[in-house]
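Descriptive analysis of the structure
Residues per chain are reported as follows:
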Amino acid sequence: MKFIKSTILLLMIATLPAFLSAQAKNKSGEYYQITVYHFTTAAQQAILDSYLKDAYLPALHRQQINTVGVFTAIANDTAADKRLYVIFPVKSLKQAGELSAKIAKDNEYLSNGKQYLDVPFDSPAYTRMENILLKAFPLAPFMNLPKLSAPLTERVYELRSYESASEKIFENKVKMFNEGGEVALFKSLNFNAVFYASVIAGSHMPNLMYMTTFENMADRDLHWKNFGSSPVWKTLSALPEYQHNVSHIDDIFMRPVSYSDF
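All of these numbers come straight from a predicted model, not from anything done at the bench.

1. Considerations on the nonpolar core
For soluble globular proteins, the rule of thumb is that nonpolar side chains tend to be buried together. By size, the foremost hydrophobic cluster in this structure holds 31 residues, and its most contacted members are Leu-52, Tyr-56 and Phe-88. Of all the secondary structure elements, the ones that give two or more residues to this core are strand 1 (31–39), helix 3 (42–62), strand 3 (82–90), helix 4 (93–103) and strand 6 (195–201). Broken down by element, the residue count for this core peaks at nine residues, all from helix 3. When residues no more than four places from it in sequence are discounted, the contact partners of Phe-88 are Tyr-31, Tyr-32, Gln-33, Tyr-56, Leu-60, Ile-65, Thr-67, Val-68 and Leu-99. One finds Ile-87, Leu-148, Val-194 and Ala-197 within the second-largest nonpolar core, a separate group that totals 23 residues.

Following this line, the structure appears as structure tokens:
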């Protein structure tokens, strides 16, 4: 059965367009799109912010996608490769596949996004962009908006990516989150998670990603201290069946921009 699941995952990646129609009827949970804009200058960030605020997010809202998160990496202050993240849910792979074409027919979007859309070749709005498509975990099928009270400038959104050495080992880590109880542990410790999901198309695979949220960095550190000392975690992480199922972790700290939906 595990071999069959791994084969299906590979086919999804290789034949994503053909897979859209069949998955449109899947009601087991939603999908997520993460777009990462890489840029280097304040001028590029100004173009991106204007485009996202005035053109792209309103266009997504008109497509009934009403919870669009936009975040800047906290590391941007000192990083040469600065990043802006856009994250939102879609109901199906069919919706994800058709979204760009629908927005391209939106005259208000075309007008308000003109500066970004018509940017000169020698003065681009970004150095590169990437898209990641994810499927929500079975035990966390839908996005939860965070409940935070701190000012936006203090909040910490933590986006974590766990890569595994093979498809089979990746499935083991996903099982650890779901049936193993890792998602339940995060919930019991009030990590205020937005989503947990498996990457089905992206540049780093196989991997899963999830986002937790905190009032500030001290609040984040305290939550992780409690997680690490939890008897539940100590028992779960020591189980033989869950050993060595993560080969690489990326941990990104972010803050929402003023026009973000969450």
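Having put the structure on the table, let's press on.
2. Overview of the pattern of salt bridges
Scanning the entire structure with this criterion turns up 13 salt bridges. Among the ionic pairs, Asp-118 bridges to Lys-114, the shortest N-O distance being 2.8 Å. Judged by its relative accessible area of 48%, Asp-118 is partly exposed. In this structure, a network of salt bridges that share partners links the residues Glu-158, Arg-160, Arg-220, Asp-221 and Asp-251.

3. A word on helix 4
Turning to helix 4, its buried residues are Leu-93, Ala-96, Leu-99 and Ile-103. Projected down its long axis, helix 4 carries its buried residues within an arc of 120°, all on one side.

Each value, and the rule that gives it
- Residues numbered from 1 in each chain as written.
- Predicted model: local features only at pLDDT ≥ 70, side-chain atom pairs only at ≥ 80, totals over all residues.
- Heavy atoms only, no water.
- Core = buried A, V, L, I, M, F, W, Y, C linked by side-chain atoms within 4.5 Å.
- Buried < 20%, exposed > 50% of the residue type's maximum accessible area, 1.4 Å probe, protein only.
- Helix = DSSP H or I, 4+ residues; strand = E, 2+ residues; numbered from the N terminus.
- Contact = heavy atoms within 4.5 Å.
- Salt bridge = Lys/Arg side-chain N within 4 Å of Asp/Glu carboxyl O.
- Arc of directions from axis to C-beta.

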